[in-house]
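Residue strings, one per chain:
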Amino acid sequence: MPMQYEDKIYVAGHRGMVGRAIVRLLVKRGYSNLLTADRRALDLMSQQQVTEFFATHQPDYVFLAAAKVGGIQANNSYPADFIYDNLMIQSNIIHAAHQGKVKRLLFLGSSCIYPKNADQPMTEDSLLSGQLEPTNEPYAIAKIAGIKMCESYNRQYGTDFRSVMPTNLYGQDDNFHPENSHVLPALLRRFHEALQDNAPEVIVWGSGVAKREFLHVDDMASACIHAINTDKAIWEQVVMPMCSHINIGYGSDISVKELALLISKTVGYQGRIVFDESKPDGTPRKLLDSRLLADLGWQPQLSLEQGIKRTYEWFCQSDEIRE
């Protein structure tokens, strides 16, 4: 059975970009019996608090979008925090969901779970087939553990816990910090400020040839709701013969150079774009194979151009540009 409008739905991590998008879409679609709790009300790293929360509120469905996240520098600087915090958060919630007899749980992972040199596009069955990217290995291992926890509880207890692996996300509530954000929001802010300052050029790190896949967070939320509402028999028929998790991607990638040109056009910047080839390109390509999700009947609705335009409009109206 899909979620009913009267069902109690807990969104863990509702203050993050993905969690906020899931809450927005649930409300838009008429789901009003939503459970949320910020850090002051519920410490997700406390097993006792999480257990008591589930016992008190008895959610029917759970979106597990809570996680400690960060860029390369943060992952390199605090590897112990990234593996410990994420293991504790997801372990507490998954176990409490089992104890509370939750109907379905959706665990959100990350595309970094796949090997550093995985074939492109990356299929679900490439998991655990090679070495991980060293810079975010602790975070990736925690996410892999979350997938295997869901799989193991399903095997032992007959629960219906599902896992989805999103590609690079962007959109409303993204991190636009000039140094610590990901490539798309970083470039969007850089071109915006260059336009405001009438700067003659914008410098982009790397050669611009590296390719990346991007999915708007509103499409990600739509995919998550589609995944949790998919009939169990259909889910098991499509997903389980291959693996216990499923990719959520846009379906195609774009070079950093093409991305910079698209963002400059969206912002209205007409100066020069200079690529600093002394800076690293990173992984040459990172594209998810999302055919299983397509087989379940879901496709993204926002083109990259539409998504960037929507994100820029939100950015200009937010407080981010003053931070």
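Remember, predicted model here, so these are calculated numbers, not experimental data.

**Student:** I'm lost on the pairing of strand β3 (residues 61-64) in this one. Help?
**Tutor:** Regular strands place their side chains on alternate faces of the sheet. Here β3 shows two buried faces, one formed by Y61 and F63 and the other by V62 and L64. With four bridges joining them, strand β1 (residues 9-12) and β3 adopt parallel strand pairing. Counterpart to I9 in the pairing with β3 is Y61. In this structure, β3 lies alongside strand β4 (residues 104-108), joined through four bridges in parallel fashion. If you follow V62 over to β4, its bridge partner there is L105.

**Student:** Explanation requested: the sheet that holds strand β10 (residues 245-248) in the structure shown.
**Tutor:** In a beta sheet, neighbouring strands pair by backbone hydrogen bonds and run either parallel or antiparallel. Spatially, six strands are ordered β2-β1-β3-β4-β5-β10 in an open sheet, and the strand pairing comes out parallel. The open sheet has two edge strands, β2 (34-35) and β10, and neither has a second partner. Where β4 lies against strand β5 (residues 161-166), four bridges are found, and the strand directions are parallel. By the bridge assignment for β5, L106 is matched with R162. Sheet contacts for helix α5 (residues 137-157): β4, β5 and β10; angle to β5, the most-contacted strand, approximately 155°.

**Student:** Mind showing me how you'd approach the packing of aromatic side chains here?
**Tutor:** Any pair of aromatic rings gets described here by the distance separating the centres and the angle formed by the planes. Considering all chains together, one arrives at eleven aromatic pairs under this definition. Taken together, a centroid distance of 6.1 Å and an interplanar angle of 75° make the contact between F53 and F54 edge-to-face. We classify F53 as buried; its relative accessible area is 10%. When its relative accessible area of 3% is taken as the criterion, F54 is described as buried. Connected via pairs of aromatic rings, a cluster forms that spans F176, Y312, W314 and F315. Against the face of F82 rests K68, its NZ or CZ located 5.3 Å from the ring centre.

**Student:** Just checking my understanding: could you explain unusual backbone geometry for this structure?
**Tutor:** For residues other than glycine, phi is negative in most cases, and the peptide bonds are mostly trans. With an omega of -10°, the peptide bond between Q120 and P121 qualifies as cis. One non-glycine residue with positive phi stands out, namely Q58, at about 50°. Position of Q58 among the secondary structure elements: in the loop between α2 (47-57) and β3. A relative accessible area of 55% places Q58 in the exposed class. With phi around 55°, N198 is a residue other than glycine that occupies positive phi space. Structurally, N198 can be placed in the loop between α6 (183-197) and β7 (201-205). On the basis of relative accessibility, which here comes to 69%, the residue N198 falls in the exposed class.

**Student:** Would you mind showing me how to read the packing of α6 against helix α9 (residues 256-267) here?
**Tutor:** The description of two helices packed together rests on the angle between their axes and the distance between the axes. Look at α6 against α9: their axes get within 9 Å of each other, and the N-to-C directions meet at 45°. Relative to α9, α6 is oriented oblique. As α6 runs across α9, the sense of the crossing is right-handed. In this structure, α6 uses V183, L184, L187, L188, F191, H192 and L195 to contact α9, whose residues at the interface are L259, A260, I263, S264 and V267. Counted by class, the contact of α6 with α9 contains ten nonpolar, two polar and no charged residues.

**Student:** Where do I start with α6 in this structure?
**Tutor:** Each α-helix turn comprises 3.6 residues. Residues three or four places apart therefore point the same way. Counted at 1.5 Å a residue, the expected span for α6 with its 15 residues is 21 Å, and the 21 Å between its end C-alpha atoms agrees. Of all the residues in α6, the buried ones are L184, P185, A186, L187, L188, R189, F191, H192 and A194. The elements touched by buried residues of α6 are β6 (168-170), β7, β9 (214-216), α9, β12 (272-276) and α11 (304-317). Downstream of α6 by a residue or two, N198 has a phi angle that is positive, lying close to 55°.

About the cut-offs
- Residues numbered from 1 in each chain as written.
- Predicted model: local features only at pLDDT ≥ 70, side-chain atom pairs only at ≥ 80, totals over all residues.
- Heavy atoms only, no water.
- Buried < 20%, exposed > 50% of the residue type's maximum accessible area, 1.4 Å probe, protein only.
- Helix = DSSP H or I, 4+ residues; strand = E, 2+ residues; numbered from the N terminus.
- Pairing = 2+ DSSP bridges.
- Contact = heavy atoms within 4.5 Å.
- Axes fitted to C-alpha atoms, helices over the stretch in contact; angles between N-to-C directions.
- Phe/Tyr/Trp six-rings, centres within 6.5 Å; stacked < 30°, edge-to-face > 60°.
- Lys NZ or Arg CZ within 6 Å of the ring centre and 35° of its normal.
- Parallel < 35°, antiparallel > 145°, perpendicular 65-115°, else oblique.
- Left-handed = near helix turned anticlockwise from the far one by under 90°.
- Nonpolar A, V, L, I, M, F, W, Y, C, P; charged D, E, K, R; others polar.
- Expected span 1.5 Å × (residues − 1).

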